[in-house]
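Listed below, chain by chain, are the residues.
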Amino acid sequence: MARILITSALPYINGIKHLGNLVGSQLPADLYARYQRGRGHEVMFICATDEHGTPAELAAAKAGKPVAEYCTELHEVQAGIARGFGLSFDHFGRSSSPQNHRLTQHFAGRLAEAGLIEEVAEKQMYSNADGRFLPDRYIEGTCPNCGYDRARGDQCENCTKQLDPTDLINPRSAISGSTDLEVRETKHLFLRQSAMRDRLNDWIDEKTDWPVLTTSIAKKWLNDGDGLQDRGITRDLDWGIPVRKGDQDWPGMEGKVFYVWFDAPIEYIAATAEWAEARGLDDAAWRRWWRTDEGAGDVRYVQFMGKDNVPFHTLSFPATIMGSGEPWKLVDYIKSFNYLNYDGGQFSTSQGRGVFMDQALSILPSDYWRWWLLSHAPENSDSEFTWENFQTSVNKDLADVLGNFVSRITKFCRSKFGETVPEGGAQASAEEALIADLTTRVRAYQANMDAMEVRKSATELRAIWVAGNEYLQSAAPWSTFKTDPAQAAAQVRLGLNLIRLYAILSRPFIPDAAEAMMQAMGSDDWSWPEDVAAALSALPPGHAFTVPDVMFRKITDEEREDWQTRFAGLRT
Ligand SMILES: Nc1ncnc2c1ncn2[C@@H]1O[C@H](COP(=O)(O)OP(=O)(O)OP(=O)(O)O)[C@@H](O)[C@H]1O
Ligand SMILES: [Zn+2]
């Protein structure tokens, strides 16, 4: 049994996530976690809300709530929706947790001792009207690059150029709108990533099996222009983790907090500590996942994320871990994704464009979404959600192929043999051919799942469903029954066993439907079909089953048109 640590990029706290966020991080991570558990491995699957930074403060201000209260509420909302989508986290933590405060301060202290933190005097915009500094999104103005008049202090949304607050033309406070601003000097801490460039470069070079998307982004940041830059890791904000050197004060840094991108990945570790505490376990329970000197030597650590998160996971977070000089677990594999776009444009949380997770669940069960999203995951390029494609895929793959198979075989059996697995007859060449074909296909499915090739895995799973349907079509037990009822019984017996096999294999993709199939087959034996032939005789003659309710209904043209109109605009 292997031990596999899986983390999904942390969803930011400032609202409900869209389908792009879901398929770019949490959902494929869940697929992999479920699959590895299904294979019998020990899995720790961690996610959390990312709660610090200016967007959280601004969203709280807009909602008229104190930021801590806002984050607590939104965390609960996101946790509920995650449950609705069947995301099987072992723990869904919060980056504002006391565990993360302690660990983040610990890492900063270690990095300072190692000489990897520099104090830099910086010029920052100060608002006299608001009585505070205006970092990042607290300041807006005209983009010097494209002229867009609502560019933010960290980036122009229109042309995507990265900006500094002092770059903006006609700057104004995003809190009060005041233009009474002045440039003041303030001190900040910088992580000396440039000093670790060669180490990071060598480490990335070892990762020859990583997706090109991951390594190409890392290499770009390592090599473009003047190479990897030092990074500011503190901010003049109230909300966040106070800057401390371990458990000591940090003279000159009073009133400052760590930058959200410094503390967010550390929350992967802290959330595992939260997991242990929530279960009344001791520190050793979580440290055996994270400290190679305390049991994590045999852990394989896999991260999932969208492409914009790759630089932080390939460079900044590893710089923190390596720079600490302590034996914390480094990531072994980074699975990254391109973007899912929405009907001719982009998903956007800030603009409210696209379909959001709560809306999706309000119109159809999660399995429908899980199947479409995973089978169209933006792996090798960006992909696009269209309602037509969604309708076609759900109706064909889920309703016509899988749902229809389950319905036909169970109903036919009930009508001719009753609700138990029939006895008599023997497997003939058609059954042997099917078993041989499925044996090959299950191996291919496993190989793709092991490699985290999400789309290829979905294609193989669909082919496994199709193989059953084609067998049923050609074996035609309803015809066989007229001349040879014993042979028909053998065919139906195989068909019922196939439903159980499908439940096990499909569970990572469509867990609710898988449960329904397994329950209808009157079994709770989820053991992985290492031997397909044996798995296909697990339900013996005489074993009772039930005919399940319709598993997948079809999406009608009227519904599709209705949803298309309903979700065409912007969510307010
Ligand atoms: N359209 C998309 N397709 C796939 N993954 C995405 C998409 N947009 C964001 N992601 C990924 O979703 C995960 C969670 O992101 P996060 O909550 O920080 O939102 P975000 O990146 O700010 O996007 P947005 O502003 O649209 O919400 C990250 O791994 C990010 O890379
Ligand atoms: Zn611009």
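Rules used throughout
- Residues numbered from 1 in each chain as written.
- Chains lettered and ligands numbered in written order.
- Predicted model: local features only at pLDDT ≥ 70, side-chain atom pairs only at ≥ 80, totals over all residues.
- UniProt positions renumbered as here; feature names shortened; annotations may be inferred.
- Helix = DSSP H or I, 4+ residues; strand = E, 2+ residues; numbered from the N terminus.
- Rg over C-alpha atoms; globule rule 2.2 N^0.38 Å.
- Buried ≥ 20, exposed ≤ 12 C-beta atoms within 10 Å, placed from the backbone.
- Near = placed C-beta within 6 Å.
- Nonpolar A, V, L, I, M, F, W, Y, C, P; charged D, E, K, R; others polar.
- Pairing = 2+ DSSP bridges.
- Right-handed = clockwise from strand over helix to strand, strands pointing away.
- Axes fitted to C-alpha atoms, helices over the stretch in contact; angles between N-to-C directions.
- Domains from an automatic or database assignment.
- Contact = placed C-beta atoms within 7 Å.
- Arc of directions from axis to C-beta.
- Core = buried A, V, L, I, M, F, W, Y, C linked by C-beta atoms within 7 Å.
- Expected span 1.5 Å × (residues − 1).

The name given to the chain in an unreviewed UniProt entry is Methionine--tRNA ligase, and the organism recorded there is Allgaiera indica. In its Subunit (unreviewed entry) section, UniProt records this for the chain: "Monomer." UniProt, in the comment section headed Function (unreviewed entry), describes the chain in these words: "Is required not only for elongation of protein synthesis but also for the initiation of all mRNA translation through initiator tRNA(fMet) aminoacylation."

A. Broad picture of the overall build of the chain. The number of helices and strands found in the chain is 19 helices and 17 strands. Relative to the globule expectation of 25 Å for 572 residues, the C-alpha radius of gyration of the chain, 27 Å, shows essentially globular dimensions. Expressed along its principal axes, the backbone C-alpha trace of the chain runs to roughly 90 × 55 × 45 Å. Of all 572 residues assigned to the chain, the portion counted as buried reaches 45%.

B. The site of ligand 1, seen in detail. In the vicinity of ligand 1 lie 21 residues, with A9, G20, G24, G306 and T349 positioned nearest. At five residues, helix α1 (residues 19-38) tops the list of elements feeding residues into the shell around ligand 1. Grouping the amino acids of the shell around ligand 1 by side-chain chemistry returns 10 nonpolar, nine polar and two charged.

C. Broad picture of the pairing of strand β14 (residues 333-337). Taken across its five residues, β14 has four buried, putting it largely inside the fold. One ladder, built from five bridges, connects strand β13 (residues 299-306) with β14; its direction is parallel. Looking across to β14, one finds that V302 is bridged to Y333.

D. Structural detail: the sheet that holds strand β10 (residues 231-232). In spatial order, the strands read β5-β4-β9-β10; together these four strands make up an open sheet with antiparallel pairing. Edge positions in the open sheet fall to β5 (132-133) and β10, since each of these has one partner strand only. Summarising the sheet, strand β4 (residues 117-127) and β5 pair through two bridges and their orientation is antiparallel. Note on β5: the bridge partner recorded for S127 is R132.

E. Structural detail: the UniProt feature "short sequence motif: 'HIGH' region" (unreviewed entry) in the chain. Those places that UniProt annotates as "short sequence motif: 'HIGH' region" (unreviewed entry) correspond, in this numbering, to residues 11-21. Along residues 11-21 one finds 27% helix and 0% strand; the C-alpha atoms at either end are 8 Å apart.

F. The arrangement of unusual backbone geometry in detail. Non-glycine residue N170 carries a positive phi angle of around 50 degrees. On the secondary structure map, N170 appears in strand β8 (residues 169-173). Even without being a glycine, A476 presents a positive backbone phi close to 45 degrees.

G. A look at the pairing of β13. Relative to β13, strand β1 (residues 3-8) runs parallel, the two sharing six bridges. Its bridge partner lying in β13, I6 is registered against V302. Taken together, β13, helix α9 (residues 310-323) and β14 constitute a β-α-β crossover, and its handedness is right-handed.

H. Fine view of the environment of R443. Mapped onto the elements of the fold, R443 is located in helix α13 (residues 429-450). Overall, R443 belongs to the exposed group, with 12 C-beta atoms counted inside 10 Å. Residues R443 and V532 lie 89 residues apart in sequence; the distance between their C-alpha atoms is 9.7 Å.

I. Broad picture of the sheet that holds strand β2 (residues 42-49). Read across the sheet, five strands follow the order β3-β2-β1-β13-β14 without closing on themselves; strand pairing throughout is parallel. One side of each edge strand has no neighbouring strand; the edge strands of this open sheet are β3 (91-94) and β14. In this sheet, neighbouring strand axes are inclined to one another by 20 degrees on average, regardless of whether the strands run parallel or antiparallel. Inspection of the sheet shows β2 paired to β3 by four bridges, in the parallel sense. Looking at the pairing, I46 lines up with H91 of β3.

J. Geometry of the domain arrangement of the chain. Domain parsing of the chain yields domain 1 (3-111 + 198-337), domain 2 (117-191) and domain 3 (341-356 + 368-572). Counting from both sides, the interface comprises 17 residues of domain 1 and, opposite them, 16 residues of domain 2. Every element with two or more residues in the side of domain 1 that touches domain 2 is listed here: α2 (54-63), α4 (98-113), β10 and β11 (234-235). Counting residues per element, the side of domain 1 that touches domain 2 draws most heavily on α2, at three residues. Of the residues contributing to the side of domain 1 that touches domain 2, the split by class is nine nonpolar, four polar and four charged.

K. Just helix α8 (residues 283-290), in detail. What α8 keeps buried is the set W286, W289 and W290. Down the axis of α8, the sector holding all buried residues measures 90 degrees, keeping them to one side. Check the buried side of α8 and you find it contacts β1, β2, α7 (260-278) and β13.

L. Seen up close, the nonpolar core. Counting residues in each nonpolar core, the largest one holds 152 residues, and the members touching the most others are L19, L373, L374, L496, I499, Y502 and M517. Here this core takes 13 residues from helix α16 (residues 485-506), the largest share from any one element. Filtering out sequence-adjacent residues up to four positions away, Y502 remains in contact with L402, W465 and M517. Among the nonpolar cores identified, the runner-up in size contains 11 residues, and M125, L134, A151 and A174 belong to it.

M. The arrangement of helix α14 (residues 454-475) in detail. In a regular helix each residue adds 1.5 Å, so 22 residues correspond to 32 Å; α14 covers 32 Å between its end C-alpha atoms and thus fits that length. By the burial criterion, the buried members of α14 are V454, S457, A458, E460, L461, R462, I464, W465, G468, Y471, L472 and A475. The inward-facing, buried residues of α14 abut α1, α11 (366-375), α12 (387-417), α13, α15 (477-483) and α16. Note on α14: the residue one or two positions beyond its end, A476, has a positive phi of about 45 degrees.

N. Local environment of the environment of E388. Locating E388 in the fold gives a position in helix α12. For the pair formed by E388 and P485, sequence separation is 97 residues and the distance between their alpha carbons is 43 Å.

O. Structural detail: the environment of V547. Among the structural elements, V547 can be located in the loop between α18 (532-535) and α19 (557-566). With 137 residues separating them along the chain, V547 and T410 place their C-alpha atoms 5.5 Å apart. Dropping the residues within four chain positions of it, V547 is found in contact with T410, K411, R414 and A520.

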